[in-house]
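Examining the three-dimensional arrangement
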Amino acid sequence: MRFDRDLFKKTFHSFHEVSPWLFPALAGENFLLAVRPFIVLHFSAAVVDGLYRGDGEAQVLLQALWLSLGVLAAEAAGHILGCYVEKAGQRLYVEQMKKQLEKMTTMDYQLLESGRGQELSASLKRGRFQHGDPFDKLIRYTRDVLAGLFGVTAALVYLARFAAQKLAAGSGAPETFFMFGGFLVLAAGGVLLTVKNGERHNGQRFARFGKLTAQNRLYGFYRQNVFQNYKYGKEVRIFDERELIVEEFGKVQRANRGFIKGIGKDEGSFKAANSVVNTFLSGIACLYVGVNAYHKLISVGNIVKYSGAVAQFFTGLTRVAAGIADLRGNAPFLRQHYEFLDLEPEEARGGRKRVLPASASVELSFEHVYFRYPGTEAWTLQDVSFRVSQGDHIAMVGQNGSGKTTCIRLLLRLYRPEKGVIRLNGVDIQEYDIKEYWRLLSVVFQDFKLFSFRLWQNIAGSGAKREEAVWKALEDLGMAQRVREMYAGMDSYLYREYDEQGILLSGGEAQKLAIAKALYKDAPVFVMDEPSAALDPVSEAQLYEKTNTLLGEKTMIFISHRLSSCCFCDRILVLKDGVLLEEGSHEQLLQLGGEYQKLWEAQAGYYQSA
Amino acid sequence: MTRGVSFLVNLCGLLFYGLTIGRCDPAILAVVTMTTCGGYLATVLLRRCEQRQKETLVDCDRKMNYLENEGQSLQAARELRIYDMAGLFSGLYRSSMERRTRSTDRIAHVKALVCSGESLLAFIRSFVTYFYLIHLAVAGRIAIGDLVLMTGMVAGLSVWMRGLIGDAGELKRLGLYLDDYFAWLDLGDDGQTSKKREEEINHEDAPSLTFEHVSFCYEGAQEDTLRDITLTVRAGEKLAIVGQNGAGKTTLVKLLSGLYRPCRGRILLDGKDITDYSDEAYFAGLAVVFQDIQLLPVSMVENVSSHIRAKTDMQRVMLSLEQAGIGERVRKLPAGTDTCLQRSAREDAVELSGGEQQKTMLAKALYKGGSLLILDEPTAALDPIAENDIYRKYSEMTQGVTSFFISHRLASTSFCDRIILLDDGRIAEQGTHEELMAKQGSYWEMFNVQSRYYTEGGRDEI
């Protein structure tokens, strides 16, 4: 039985953060709940004894009143404390969820993408789904342990008094010690058995969860991206993919079913074993009280009292033991949560927080950059070197899979080069503080993402709502009219996930908003990865003409398969299979008669003959 | 199931205890019944409060869930970091969280109140019972042992009673769930299912299609997205559909694919209304490449064939990959055609570039075949050579097929028989490339904008 001090500290800290009174309130509530049955035992025994002694009716009634009042007071106070615990518990849950979200949105990108990052976040999600929220469980199990402890203590106090009475009555001290000692040994044995049993059970349980991590990601994917995604619905229907999905998801489900069956079996045998131990022990104890009663060693009232106390003792004991076992079973889930929150890249990136120079001039250079994606052998980029001076407008072209988007991802510091460096004003970009570095970049991603928030929030991000700037960006993209016609202008929600009234956008409109967002950010360096893929010809031409004037002074790097847009650029970089093949102006490259010319001819042919 | 059993157990317990107590004294029975019912009413109050808060809670949970899912997605992760949106995320999360906390607080308050009320009722029940029984015992009308038994039974009876009432409520609630579930299973296609002819459609030959005054309006939208579209497509015709963003092209695709039904008007396939066919029969003849790319975390082969391995024609898969221009790339993958896709779902998967994903989607449509081919911007992410490649092979791909090609790349219109230009949900122009160019209307304008930079004269103007 290892005690994880670190985990204990962390959870205690989380408790304390939400409310310093959460734990005391929980303790108080359970103290009252534990005391309640003893109030009943004590006073009902007093009533019975009073009647036997032939006390006056009023006197007996008074005992009954104390009984009822005591129970009422204990319960009411318990409910009030319980209410507090419940409130704090809900806060604890959302607070920890918020921490997870904040970690997810701020942690190192490559770490989030890494196997461990993805596995942990999927496993956290799955754990919450199958096991329940570990913090909710923590409170529940702590409650079990506390309630049990208080119950056991109260029962022991009671039984000690019984032993003391017997000793006082002079009925064989050794015998009483022997019985009481035997009782404690039995109890200790019971606890040990239950805890051991729980230990084994929980070990099995978490191991089962562990085996499931790969399945978790798949399961999550099917749930989120296939079943709950209306966009997938059309593929399933038109391509009649039911059989395939049933088969593939079936594999995941079979693994799951094995898991749930296993969990159920463990749970059943665990509980059965516990009941056997518990019932056996209470049986022995009751037998003992019964024997005493038979020999008229205790009064009838005391039978009520002591058999009740013994029952309370064992119920409490099982609760403590089971609670401890449950807490230990819950620990891996908590540990997983904290492990996720503590995830840090091996080499602390952006550790060297070099501050960006104040000068507006930006000069970028790739120097012999090599890169391959984790888990692949072939280079995605090989010995790529180029320079981008302040104010340059650069186009990157090349066939699908030639490494253009990867170049951009390296520039954005989403990945690091394996060999070579990328410099900004002569300094390795890895040395700048990452947040400051990102402030330099306005990016339109190829697979850009608009969130189901308000339109202006998509454009302005976390910053304040600068309405005029938002309108200006929308105006520049020709989206202002469309937005004005929306139900709440720029306050309208996009899509339906967040608000049912949300606006559905066409592919082109969405892309225009993604560009508006980059314009709004107005950073010194613009990076656009196929910004016109979904735009109609008129919008596309406008986009290139406008960005050319709008971004006149700024540095721009863009990727496009529409080579007409290259005419606007100072320089064109041509990539093939991860190698920078050609570099020059449109005219130079056409004359060169290489890869670029091939690409150009393929596209221009149709327009020229027409 | 278990609820039903528990209901029966509670009922038996109640009868047994109730009879025992009632035989001894009906007055106690009355007190127990009254206080228990009072307690039940209090829990009804609690349930009602929970019900009132449920909408807020569901809404908050949905929003929080959305944020959590997006936070986990890699596509969103890139955007989040560059645009410093983490603050927006946690701000929105916080506001939902606070709303949720207010709701759960309210429930906790009402719960404490209701429980205290119940305790008060229990106090009354307990004291009245004792008062009565002690009176009887002192008067010698019952034995003291009976008093112990009776107090235990009174407590027991109220437990049985509460259990029974609780179970009845729960059974009713479960009944409502089941109703929802069966209603969901029964979700028909607006009652038209029965009318559907189960006959097979002849998918061997290219069909003709007719739009008769078709209009379409999205639910909740004020204006029609498509207005009064009338159009006849000959069997085997190759149609190009062009138009500005938001003109209704993609909506037209959804209508053609039978995913949406026209709000007004009809679409006829070989002269028969397509809503008369069952979905399965209609879908069987369709091959569609949608604008958005959706791939499964299964092997390349299965993504292309849409079927399990045993029902896959491997030769056809290779042929389709080849036709879509991704054959060589697939052969170079670590496990060839057995390589899995979707890195976000599995570690052993490969990450394809945007263009490669689009080619895979095209291969999937080509594998399926069918007599009606619909391509919605299938070349948006392709490089010029790959795009050109598709154009060159288009005639081959559309052999004996009626086809629709939606694109912003106007070069694509040159290999189509007819061009339809949509503007604001209507057909603004139609004809061959030459006809439309001669007309000097919107198409002519669009074509000039796009071709300007490709022609020698145009480039000099910049």
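Criteria and thresholds
Residues numbered from 1 in each chain as written. Chains lettered and ligands numbered in written order. Predicted model: local features only at pLDDT ≥ 70, side-chain atom pairs only at ≥ 80, totals over all residues. Helix = DSSP H or I, 4+ residues; strand = E, 2+ residues; numbered from the N terminus. Contact = placed C-beta atoms within 7 Å. Rg over C-alpha atoms; globule rule 2.2 N^0.38 Å. Pairing = 2+ DSSP bridges. Axes fitted to C-alpha atoms, helices over the stretch in contact; angles between N-to-C directions. Nonpolar A, V, L, I, M, F, W, Y, C, P; charged D, E, K, R; others polar. Buried ≥ 20, exposed ≤ 12 C-beta atoms within 10 Å, placed from the backbone. Arc of directions from axis to C-beta. Parallel < 35°, antiparallel > 145°, perpendicular 65-115°, else oblique. Left-handed = near helix turned anticlockwise from the far one by under 90°. Domains from an automatic or database assignment.

Check the secondary structure of chain B and you find 15 helices and 10 strands. Principal axes of the C-alpha set define a box for chain B whose edges measure 120 × 55 × 50 Å. Sequence-distant contacts, at least 24 apart, represent 71% of the contacts inside chain B between residues at least 6 apart.

Check the secondary structure of chain A and you find 20 helices and 10 strands. Its C-alpha radius of gyration of 36 Å places chain A more than 25% over the 25 Å reference for a compact globule of 610 residues. Counting only C-alpha atoms and orienting by the principal axes, one finds that chain A spans roughly 120 × 55 × 50 Å. Partitioning the intrachain contacts of chain A with sequence separation of at least 6 by distance along the chain shows that 77% fall at a separation of at least 24.

What follows is about the pairing of strand S4 (residues 419-424) of chain A. Residues and elements named next belong to chain A. Bridging between strand S1 (residues 364-371) and S4 involves 5 bridges; their strand directions are antiparallel. For Tyr370, the partnering residue across the bridge sits in S4 and is Lys419. Bridge count for S4 against strand S5 (residues 427-428) is 2 bridges, and the pairing is antiparallel. Its bridge partner lying in S5, Arg423 is registered against Asp428. Between S4 and S5, which pair antiparallel in sequence order, lie 2 residues; one of them, Asn425, sits at a positive phi of approximately 50°.

It is worth spelling out the sheet that holds strand S6 (residues 286-289) of chain B at this point. All names here are of chain B. Read from one edge to the other, the open sheet built from 6 strands follows the order S6-S7-S8-S3-S9-S10, with strand pairing classed as mixed. Of all strands in the sheet, those bounded by a partner on one side alone are S6 and strand S10 (426-431). Looking at each pair of strands side by side, their axes are set apart by 15° on average, direction ignored. The sheet contact formed by strand S3 (residues 238-243) and strand S9 (residues 418-423) spans 5 bridges and is parallel. When the sheet's bridge partners are listed, Gly243 is paired in S9 with Leu422.

A few words now on the sheet that holds strand S6 (residues 441-444) of chain A. Residues and elements named next belong to chain A. The 6 strands lie next to each other as S6-S7-S8-S3-S9-S10, forming an open sheet whose pairing is mixed. Lying at the two open borders of the sheet, with one neighbouring strand each, are S6 and strand S10 (579-584). Neighbour to neighbour, the strand axes of the sheet diverge by 15° on average, direction disregarded. With 5 bridges joining them, strand S7 (residues 525-529) and strand S8 (residues 555-559) adopt parallel strand pairing. Note on S8: the bridge partner recorded for Val525 is Thr555. Each of S6 and S7 is contacted by helix H17 (residues 507-521), which is oriented at about 175° to S6, the strand it contacts most.

In this assembly, 110 residues from chain B lie in contact with 106 residues from chain A. Element by element, the count of residues in the side of chain B that touches chain A is highest for helix H4 (residues 86-138) of chain B, at 30 residues. Residues of the side of chain B that touches chain A, tallied by class, amount to 51 nonpolar, 35 polar and 24 charged.

Buried residues of helix H14 (residues 442-451) of chain B: B:Tyr443, B:Met446, B:Phe447, B:Val449 and B:Gln450, and no others. The arc that holds the buried residues of H14(B), viewed along the axis, is 160°, so those residues lie on one side. Tucked inside the fold, the buried residues of H14(B) contact helix H18 (537-550) of chain A together with S9, S10 and helix H13 (433-439) of chain B.

The next thing to look at is the packing of H4(B) against helix H5 (residues 144-186) of chain B. The angle between the axes and the distance between the axes are what describe a pair of packed helices. Residue and element names in this part refer to chain B. Their axes nearest at 10 Å, the elements H4 and H5 cross at an angle of 160°. Classed by the angle they form, the pair H4 and H5 counts as roughly antiparallel. In this structure, the crossing between H4 and H5 has a hand that is right-handed. In this structure, H4 contributes Arg125, Thr129, Tyr130, Leu133 and Ala137 to the contact, and H5 contributes Ile144, Leu147, Met150, Thr151, Val154 and Ser158. Taken together, the residues that form the contact of H4 with H5 break down as 7 nonpolar, 3 polar and 1 charged.

Let's shift gears to the domain arrangement of chain A. Taken domain by domain, chain A holds domain 1 (21-202 + 268-341) and domain 2 (364-439 + 551-609). Distance from the C-alpha centre of domain 1 of chain A to the C-alpha centre of domain 2 of chain A: 67 Å.

Residues and elements named next belong to chain A. Despite not being glycine, Asp383 shows a phi value in the positive range, around 50°. The topology assignment puts Asp383 in strand S2 (residues 381-388). C-beta crowding within 10 Å serves as the criterion here: with 15 such atoms nearby, Asp383 is assigned to the partly exposed category. Of note in the backbone geometry, Glu530 takes a positive phi value of approximately 50° without being a glycine. If you trace the backbone, Glu530 turns up in the loop between S7 and H18.

When you line up the elements, A:Gly507 lands in helix H17. We classify A:Gly507 as buried; it has 20 C-beta atoms within 10 Å. The spacing of A:Gly507 and A:Ala533 is 26 residues in sequence and 9.3 Å in space, taken between C-alpha atoms. Excluding anything up to four places from it in sequence, A:Gly507 contacts A:Ala534, B:Thr250 and B:Gln291.

Interface size is commonly expressed as the accessible surface area that is lost when the partners come together. One can read the domain layout of chain B as domain 1 (2-186) and domain 2 (209-461). Centre-to-centre separation of domain 1 of chain B and domain 2 of chain B, based on C-alpha positions: 56 Å.

Attention now moves to the environment of A:Lys10. Along the polypeptide, A:Lys10 turns up in helix H1 (residues 5-18). Separated by 200 residues in the primary sequence, A:Lys10 and A:Gly210 place their C-alpha atoms 22 Å from one another.

Let us look at helix H9 (residues 230-238) of chain A. Within the span of H9(A), buried status applies to A:Tyr232, A:Glu235 and A:Ile238. Down the axis, H9(A) shows its buried residues gathered within 135° of arc, on one side only. Looking at the buried residues of H9(A), the elements they touch are helix H8 (213-227) of chain A together with helix H7 (279-284) and S6 of chain B. Taken from the residues just after H9(A), A:Asp240 is the one with a positive phi, measuring 50°.

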